[in-house]
Amino acid sequence: MSDFLGYAFVQRALVTGTLLGVTCAVLSFFVVLRRMAFVGVGLSHAALGGVALGVVLGVPPLLAAAVFTVFVAWVIGWIRGRREVSEDTAIGVFFPTSMALGVVLISLSPAYRQDLMAYLFGNILSVRSEEVLPIAGLCLTGLGLLGWYFKELLFVGVDEEAALAAGLPAGRLRFMLLTLLAVTIVAALRLVGIVLVSAFLVIPAATGQALARSLGGMLVVAVASAVGSVLIGLWLSWSWDLPSGAAIVLVSASGFFVALTAGRRLPIGGRPQKSTGRR
Amino acid sequence: MISEPTAPAVLLDDVTVSFDGRIALDRVTFQVPAGGFVAMIGPNGAGKTTCLRVVLGLLNPQSGVVRVFGRPPGHLHGDVGYVPQRIVIPRGFPISALDVVLMGRTALLGPGRRPRAVDREAARAALRRVGLDGSAARRFEELSGGQQQRVLIARALCGRPRLLLLDEPTAGLDSGARARFYALVCDLQHAEGLTLLCATHDLDVVGDHADTLVLLDHAVRAMGTPSEVLASGALESAYPLPDGHVHSAAERETR
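Residues numbered from 1 in each chain as written. Chains lettered and ligands numbered in written order. Predicted model: local features only at pLDDT ≥ 70, side-chain atom pairs only at ≥ 80, totals over all residues. Heavy atoms only, no water.

(A) Quick look at the pattern of salt bridges. Summed over the entire model, instances satisfying the criterion amount to 16 salt bridges over all chains. For the salt bridge of Arg128 of chain A with Glu130 of chain A, the shortest nitrogen-to-oxygen distance reads 3.2 Å. Judged by its relative accessible area of 44%, Arg128 of chain A falls in the partly exposed class. With a closest N to O distance of 3.7 Å, Glu141 of chain B and Arg139 of chain B form a salt bridge. The exposure class of Glu141 of chain B is partly exposed, given its relative accessible area of 33%. (Salt bridge = Lys/Arg side-chain N within 4 Å of Asp/Glu carboxyl O. Buried < 20%, exposed > 50% of the residue type's maximum accessible area, 1.4 Å probe, protein only.)

Spelled out as C-alpha cells, the structure:
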C-alpha cells in the first residue's frame, strides 16, 4: 500500500478522483431526483463531439469539450421550456449527432486515434500535475454552488411550478444545474471517460437511496459510495493492472447491488415510523 | 405588503390569454374578496389552470388587468401559497413529509441559509394544523393521496400566505377524502383569515363550502353563489352530455 501511495501520479489521481467523486455524488442526488439520467448520458456523449472539435481546431480538447457540452446542455434546457419537442427527444437527437460529429472529426485526424480510448474510458492515473488545480477549482466551485442553492434546487426538483409560485428563479436554477452537469461531466472524463461517466452520475445517489431513510443520509451514503469506489477502484487498477475508469464504475455498481440487497436494514438517517396521522 | 383596505385579494378585469392564436381566457372578469372562497368550475381545458397561472404571475395576459392585493401579480410571493394537484417524487426517494413542508420556507430563508429550529417548528406547526403532526418523519410517498394533499397545504401555509391558490387539489381522491379536504380548507380559511381561489371539478362538494362559484369555459359563463350557479342551467351548456342523458335526478323526474 505504501508503494501505491508513494507515487506522485497516484497521489494526483487520488486527489482529483476524490474531488470528482464527491461532486458527481452530490450532482447525482439531483440527477436522480429530477430523472435526468438520460441527460447525463446525452451530455457525456456530446462531450466526444467537443473533444473532436478541439482536436480539429487546435484548442485543448477538454476546454473545447467543456464549451461544446455546456452549449448542448443549454440547448436541451431551452428546448425543455418549449412545447414543440420533449426533453428526451431533444437529447435523443443530440446524443447520436454529437457522437457522430466526434467520430467523423476524429477519423479526419488519424494521429489522434490513440488517445481516443483515454477519453472513452478514462484514465485518472494519467492526470498531469497542471490539471489538478483546474479540476479541483471546478469541483469546489460546483460543490459551493450546489451547497449554496441546495434547498432551492431541491424545491425546483420536486415541484417546479410551486417553486416558481414562491418566487424562485426555477429556469435559472435549471440552467445552473445543467451547466454544472456539463462541466462536471467534462472534468470527469479523466476519471471514468465518456462511456462510463453517466454511471457515476446515477449510481452514488441510487446507492444512497437504497440505504438511507433521509435526504441527509442519502447524500452521506452517495458521497461515501463515490469516494470509496474511487479509492478501491484505483487500488484494484494498480494491483491488477485494470483500466481505472472501468474498475471504479464496477466497484461503484457492486456497492449499489450490495446496498440493494441489504435494503433498508441500516437505519441511516433515521428509523422508520409508524403512521399516527389520520387518513 | 401594504394594500388598499378595500382592494379585493384577487382582481381579474377583462383578461384575455391566448396560445398560438387559440383563446384560453376570453375577457374574463371576476374578483375574490379578501377572506373569501371562490371556486372556479368548468370542463377540462376551460382555462381554470391558466387563470391560476395568470394570478401567480407565471403567464402574462394579452390584455386586461390582474391585481393581487392591489398589486400586479408576481410581486407578492410571500403572500401567495400554491397547492398543485399532486407532486411526483421518484420511487424510493427518501423525502419526508417535513422535508416537503420545509420547502415552503425556502423563499423566506433565501439562498445559502439552512432551515433553523424556528423553521422546523413552523413546518411542524403547519403539519399540526392539517392534522398530520405524527407524520412529519414519514416518507411522502408512503402517505395516502389525501394525506399528501394535506402536506402540500401545510407547505403552502408554512410560507405564511394570505392567499391560497388550489389547482384541482382533490383530483384522484375518493369522495370521503374530498369532503374532508374541503372541510379542512374551510377551517383554515376561517382560522387563518385566508383567501381561497380554487380550480376544481368537485361540483358536488365545493358548493357546500365556497362563497362564490365561477363557471368558466374560456369565458365566464356564470357566477354567483353556489345555489345560483348550480341552478342557472349554465352547467348543462358547459358540460354537454350525449343525447338521451340527463344531468340530475330532478331532471330525470321532469322527463
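(B) Fine view of the interface of chain A and chain B. Taken together, the contact pairs 34 residues of chain A with 39 residues of chain B. Of the roughly 3200 Å² buried at the junction of chain A and chain B (both faces included), carbon and sulfur atoms supply 58%. In this structure, the connection of chain A to chain B is made through two salt bridges. Asp159 of chain A is the partner of Arg155 of chain B in a salt bridge, and the nearest nitrogen-oxygen pair spans 2.6 Å. Taken together, chain A and chain B are joined by seven residue pairs in polar contact (both at pLDDT 80 or more). At the level of secondary structure, the elements contributing two or more residues to the side of chain A that touches chain B comprise helix H2 (8-33), helix H8 (150-158), helix H9 (160-165) and helix H13 (215-240) of chain A. Sorting elements by how many residues they give to the side of chain A that touches chain B places H8 of chain A first, with five residues. A class-by-class count of the residues in the side of chain A that touches chain B yields 16 nonpolar, seven polar and 11 charged. (Contact = heavy atoms within 4.5 Å. Buried area = accessible area lost by both parts, 1.4 Å probe. Polar contact = N/O pair within 3.5 Å; in protein donor to acceptor, adjacent residues only side chain to side chain. Helix = DSSP H or I, 4+ residues; strand = E, 2+ residues; numbered from the N terminus. Nonpolar A, V, L, I, M, F, W, Y, C, P; charged D, E, K, R; others polar.)

(C) A look at the confidence of the model for chain B. On average, residues of chain B carry a pLDDT of 85, and 91% of them reach 70 or more. No element of chain B has a lower mean pLDDT than helix H10 (residues 249-254) of chain B, which averages 48, and none a higher one than helix H2 (residues 97-102) of chain B, which averages 96. (pLDDT = per-residue confidence, 0-100.)

(D) Region of interest: the nonpolar core. Residues Phe30 and Ile95 of chain B are the most contacted members of the largest nonpolar core, which totals 156 residues. It is H2 of chain A that contributes the most residues to this core, 14 residues altogether. Ala65, Val186, Leu189 and Ile194 of chain A belong to the second-largest nonpolar core, a separate cluster that totals 13 residues. (Core = buried A, V, L, I, M, F, W, Y, C linked by side-chain atoms within 4.5 Å.)

(E) How the structure looks around a nonpolar patch on the surface. Residues Tyr7, Trp235 and Trp238 of chain A make up a contiguous nonpolar surface patch of about 300 Å² in total accessible area. Summarising the element assignment, Tyr7 of chain A is placed in the loop between helix H1 (2-6) and H2. (Patch = residues over 30% accessible without salt bridge, like charges linked within 9 Å, V, L, I, M, F, W, Y side chains within 5 Å. Areas by Shrake-Rupley, 256 points an atom, 1.4 Å probe, with all protein chains shown as cover.)

(F) Structural context of the packing of aromatic side chains. Throughout the structure, instances matching the rule amount to 10 aromatic pairs over all chains. Taking 5.3 Å as the distance between ring centres and 35 degrees as the angle between the ring planes, the aromatic pair formed by Phe29 of chain A and Phe150 of chain A counts as tilted. Here the residue Phe29 of chain A occupies a position in helix H2, and Phe150 of chain A occupies one in helix H8, the gap between them amounting to 121 residues. Grouping aromatic residues by their ring pairs yields a cluster made of Phe29, Phe30 and Phe150 of chain A together with Phe93 of chain B. Positioned over the ring face of Phe69 of chain B is Arg162 of chain B, at 3.8 Å from the centre of the ring. (Phe/Tyr/Trp six-rings, centres within 6.5 Å; stacked < 30°, edge-to-face > 60°. Lys NZ or Arg CZ within 6 Å of the ring centre and 35° of its normal.)

(G) Geometry of the packing of helix H3 (residues 37-57) of chain A against helix H5 (residues 87-107) of chain A. All names here are of chain A. Between H3 and H5, the shortest axis-to-axis distance is 8 Å and the interhelical angle comes to 30 degrees. Regarding the angle of H3 to H5, the classification is roughly parallel. The crossing of H3 and H5 is left-handed. In this structure, H3 contributes Phe38, Val39, Val41, Gly42, His45, Ala46, Leu48, Gly49, Ala52, Leu53 and Val56 to the contact, and H5 contributes Glu87, Asp88, Ile91, Gly92, Phe95, Ser98, Met99, Leu101, Gly102, Val103, Leu105 and Ile106. Counted by class, the contact of H3 with H5 contains 15 nonpolar, six polar and two charged residues. (Axes fitted to C-alpha atoms, helices over the stretch in contact; angles between N-to-C directions. Parallel < 35°, antiparallel > 145°, perpendicular 65-115°, else oblique. Left-handed = near helix turned anticlockwise from the far one by under 90°.)

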